[in-house]
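The chain contents come next:
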Amino acid sequence: MLRKRGSDELLSSPSGGVSNGSVMSPSVNIDANDAKKAKLDKSNGTPSRVMHIRNIPNEVTEAEIVHLGIPFGEVTNVLVLKGKNQAFLEMADESAAVTMVSYFTGCTPQLRNQAVYVQFSNHKELKTDQTHSNANPSAQAALQAANALVGAPPHNETQGGPNTVLRVIIEHMLYPVTLDVLYQIFTRVGRVLKIITFTKNNTFQALIQYPDVVTAQAAKMTLDGKNIYTACCTLRIEYSKLTSLNVRYNNDKSRDYTNASLPTGDSMLDSALAIGGGPGVLPTPFSGMQGSLSSSISGYGGSPIGGLGGTNMATLLAPNLQRGDGHGHAGMPTFTGMPLAGVAPNNNTMGVAGLRLPGQMHSCVVHVYNLNEEMVTPDSLFTLFGVYGDVQRVKILYNKKDSALVQLSEPHQAHLAIIHLDKVTLWGKTLRVNSSKYSTVQLPKEGQPDAGLTKDYTNSPLHRFKKPGSKNYQNIYPPSTTLHLSNIPPSVDEEQIKQAFEENGCTVKEFKFFPKDRKMALIQLATQEEAISALIKMHNYQLSESSHLRVSFSKGTI
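Since the model is a prediction, treat every value here as computed from it, not as a measurement. (Residues numbered from 1 in each chain as written. Predicted model: local features only at pLDDT ≥ 70, side-chain atom pairs only at ≥ 80, totals over all residues. Heavy atoms only, no water.)

Just to check I follow, could you spell out the packing of aromatic side chains for this structure?
Two descriptors summarise a pair of aromatic rings, namely the distance from one centre to the other and the angle between the planes of the rings. Counted under the stated rule, the structure contains six aromatic pairs. Residues Phe72 and Phe104 carry aromatic rings whose centres are separated by 5.7 Å and whose planes lie at 65 degrees to one another, so their mutual orientation is edge-to-face. Of the two residues, Phe72 is situated in the loop between helix H2 (62-69) and strand E4 (75-81) and Phe104 in helix H3 (residues 94-106); the sequence distance between them amounts to 32 residues. When sorted by exposure, Phe72 lands in the same class as Phe104, which is buried. Consider the rings of Tyr103 and Phe104, whose centres lie 5.1 Å apart with planes at 70 degrees: the pair is edge-to-face. (Phe/Tyr/Trp six-rings, centres within 6.5 Å; stacked < 30°, edge-to-face > 60°. Helix = DSSP H or I, 4+ residues; strand = E, 2+ residues; numbered from the N terminus. Buried < 20%, exposed > 50% of the residue type's maximum accessible area, 1.4 Å probe, protein only.)

See the structure below:
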């Protein structure tokens, strides 16, 4: 039976409960008649490590009840009385229960879209008759899983068990995922200490370290299997075999949020930062940390990822997170929308359409205007906008030839093009790029005058992002004076490449092969405008019978 305080009796079944070591479960055969004998546990507010949970849905499982308590500490017992729509949850210590009740007093949790209410029980502990052996398997499984998550795993624990470091694999990466995007997602669960990103087996991965196991397991439980963007960029999360991360550089591949003084790994950039920098020098990696995405994705609205704080989604339970209304209960976190497992809607994306970013568009078409009518062609726009996405169609307007419509394969790619190409100078004019009201670019009807101003590139072999998970997604940068060259054949030397650029009207300032890979090089031109023009002219330039040059903007300088 339940050990209780006072004279009230929760359960007086002849069969009592059952025990399986430290795991308590009621008898499998508890039915409506047994449940009717349970009295409503009228709490007087006195703290207890046993909590009474009311108004639970009929179909709720032991695991869902256990998940309510996991972020607050070790869960030791669970009892679900489905016939009474009640449950009891026992924590390992009273302080964890106090924190949980305090938190849920100001922020009502939900189970299967139904509000449930958490209060202290009059019972000091849940304890069963040791003579019974017909334990409830689902309760056992839920408790064993909970123990593993909070650092009390079974005796056969192996490497890769619960710890503070998570290994994150991005599957179906159709859109770029950066370190800053990961930070904005995972910091909503709790304080992120360090992140290291890398590519392994052509898959983008990351290691993310939290300050404690409870926060790490809450992140794993909440984010695993979610999509960052609609139907793609799926998070697969497991525990790393590492227990701590050693970050050497703060840059776009790795970051230690506890040590802002680490070098970037780029000697020129480090020198510039050391003297305060100047126009064109990248900011410190920490400039965009709190409350905004870094400059590489600032066009998303300069605010945290929207889908993590919208209606019906919530920030996860973790120390030091503030309530959405700016208050909080003794420093405890509160929901603002992202579900704790079993607490909120149970869909496979973070929101109906994945993690929506502020300002994210729904159109794949961008409107480009203020073009140089004498210079612009569909092919030139295909090459330039192709740096940021796979261009499907281009239409230069027949009656207004300084304007064009460019259709990319995805809205996200269109957004990247707007971020990076709006207000750049090309052919002596400042381009303007914005979202179009059109969803597609129409091809001219047969017999309709067009003068070759509309072209379809759907089957072009020059698309950069056709392959899911392509490394090109990790190398998208704004226009700069320095271009990255690749696919250089061994037979072509520095002078030949420089000569080819100069013959196409470029002023080459610097050139440098990659020390470990002479298939790639950097070339620096006189101005950004000249570099943009050079990219248009030189991308796919034939260097030999079998090799065509690949050109993109570089993140660094020579």
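Now that the structure has been shown, we can carry on.
Hey, could you run me through the sheet that holds strand E23 (residues 508-514) in this one?
Backbone-to-backbone hydrogen bonds join strands into a sheet, with any given pair of strands oriented parallel or antiparallel. What the four strands build is an open sheet, ordered E23-E24-E22-E25; its pairing is antiparallel. Sheet topology places E23 and strand E25 (550-553) at the edges, where each strand pairs with a single neighbour. Here the strands of the sheet are splayed against their neighbours by 25 degrees on average, with no regard to which way each runs. Note that strand E22 (residues 482-486) and E25 share four bridges and pair antiparallel. Paired with Leu483 across the two strands is Phe553, which belongs to E25. Packed on one face of the sheet, helix H10 (residues 494-503) meets E22, E23 and strand E24 (517-525) and runs near 140 degrees to E23. Contacts from helix H11 (residues 528-538) reach E22, E24 and E25, with the element oriented near 155 degrees to E25. (Pairing = 2+ DSSP bridges. Axes fitted to C-alpha atoms, helices over the stretch in contact; angles between N-to-C directions. Contact = heavy atoms within 4.5 Å.)

Any chance you could explain the pattern of salt bridges here in plain terms?
Side chains carrying opposite charge are able to pair once their charged atoms draw close together. Per the stated rule, a full pass over the model turns up 13 salt bridges. A salt bridge links Arg49 to Glu90; its shortest N-O distance comes to 3.4 Å. Of this pair, Arg49 sits in the loop between helix H1 (32-36) and strand E3 (50-54) while Glu90 sits in strand E5 (residues 86-91); the two residues are 41 residues apart in sequence, bridging distant segments of the chain. Under the relative-accessibility criterion, Arg49 is labelled partly exposed at 22%. As a salt-bridge pair, Glu494 and Lys498 come within 3.6 Å of each other at their nearest N and O atoms. (Salt bridge = Lys/Arg side-chain N within 4 Å of Asp/Glu carboxyl O.)

In short, shape yes, function no, at least from these values alone.
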